[in-house]
Amino acid sequence: MTLKVVIADDEDLIRAGLRIIIDAEPDLSVVGEAADGAAVMPVVRRERPDVVLMDVRMPTLDGIQATARIVELDDPPKVLVVTTFENDDHVYDALRAGASGFLLKRTRPDDLVQAVRLVAAGDSLLFPAAIRALARRRPQGSARVPGIDRLTGREGDVLRLMTKGMSNHEIAAELVVSQETVKTHVGNVLAKLRARDRTQAVIAAFESGFVSARER
């Protein structure tokens, strides 16, 4: 099955470069482009992509607002932010809006295509150190996150390990349980927090103060 990708970036050169990288892969195909956040919505509705590569800084409608609109669609595509600076607050806001992760524009081509496959499969592209650094610049414990007080003790343990970027395999080893058990706990955490993916759950953990972004 070929994964369909839409590219949203206001720089022609960036869009052209991303298209070349993606179309070179036998299982990936660029099905549309947009030079602005407002223009990406019609493309997404028409092409029904699996993944949108989204720049955050665009005229008229930025990538944050565009991401928020996309994730409200029925059966929305995954959004992967592509940015120049990882410490850009716009990246954090795009993740809060529903993006599944982010990549730097200087990312190696092999890592880019692997990231597209990863988020299309339903996984988050999580860089916990970068997200923690961005969250550290926000008021801690100020956000009310419905459901976080309903987590069981073990679900809380799993969420704390998720904020460290651990995979299900690594969490299972840490807690000395099976991967299936971890998968169940992760599913329960996402459901209780109403989080689309692990990235959203990690942000909720930081913003609610459940886990301090200032911890090492």
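Look a little higher up for the structure.
Not measured: the values here are computed from a predicted model.

**With respect to the overall build of the chain**
- When helices and strands are counted, the chain shows ten helices and five strands.
- Counting only C-alpha atoms and orienting by the principal axes, one finds that the chain spans roughly 50 × 35 × 30 Å.
- Looking at the chain as a whole, 49% of its 216 residues qualify as buried.
- Within the chain, contacts between residues separated by at least 24 positions form 69% of all contacts whose residues are at least 6 apart in sequence.
- Of the side chains in the chain, 30 bear a positive and 32 a negative charge, and the two mean positions are spaced by 5 Å.

**Notes on the nonpolar core**
- The biggest cluster of nonpolar side chains holds 51 residues, and the ones touching the most others in it are Val40, Met54, Leu159 and Leu193.
- Looking at this core, the element that brings in the most residues is helix H10 (residues 198-208), giving six residues.
- With near-sequence residues (within four places) excluded, Met54 lies in contact with Ala8, Val40, Gly63, Ala66, Thr67, Ile70, Val79, Leu80, Val81 and Val82.
- Grouped together as the second largest cluster of nonpolar side chains are 17 residues, Leu112, Val113, Ala115 and Val116 included.

**Details of unusual backbone geometry**
- Although it is not a glycine, Thr60 adopts a positive phi angle of roughly 65°.
- In this structure, Thr60 sits in the loop between strand S3 (51-54) and helix H3 (63-70).
- Not every positive phi belongs to a glycine, and Arg194 is a case in point at roughly 55°.
- Of note, Arg194 is situated in the loop between helix H9 (179-193) and H10.
- Classification of Arg194 as exposed rests on a relative accessible area of 76%.

**Section: the pairing of S3**
- Residues Val51 and Leu53 point to one face of S3 and Val52 and Met54 to the other, with burial holding for every one of them.
- The parallel pair S3 and strand S4 (residues 78-83), bridged by H3, forms a crossover whose chirality is right-handed.

**Quick notes on the packing of helix H8 (residues 168-175) against H9**
- Closest axis-to-axis distance for the H8/H9 pair is 8 Å, and the angle between their directions is 110°. Taken as axis vectors, H8 and H9 run roughly perpendicular relative to one another. Where H8 approaches H9, its residues Asn168, His169, Ile171 and Ala172 are matched on the opposing element by Gln179, Val182, Lys183 and Val186.
- Of the residues that constitute the contact of H8 with H9, the class distribution is four nonpolar, three polar and one charged.

Thresholds, definitions, all that
- Residues numbered from 1 in each chain as written.
- Predicted model: local features only at pLDDT ≥ 70, side-chain atom pairs only at ≥ 80, totals over all residues.
- Heavy atoms only, no water.
- Helix = DSSP H or I, 4+ residues; strand = E, 2+ residues; numbered from the N terminus.
- Buried < 20%, exposed > 50% of the residue type's maximum accessible area, 1.4 Å probe, protein only.
- Contact = heavy atoms within 4.5 Å.
- Lys, Arg positive; Asp, Glu negative; His and termini not counted.
- Charge placed at Lys NZ, Arg CZ, Asp CG, Glu CD.
- Core = buried A, V, L, I, M, F, W, Y, C linked by side-chain atoms within 4.5 Å.
- Right-handed = clockwise from strand over helix to strand, strands pointing away.
- Axes fitted to C-alpha atoms, helices over the stretch in contact; angles between N-to-C directions.
- Parallel < 35°, antiparallel > 145°, perpendicular 65-115°, else oblique.
- Nonpolar A, V, L, I, M, F, W, Y, C, P; charged D, E, K, R; others polar.

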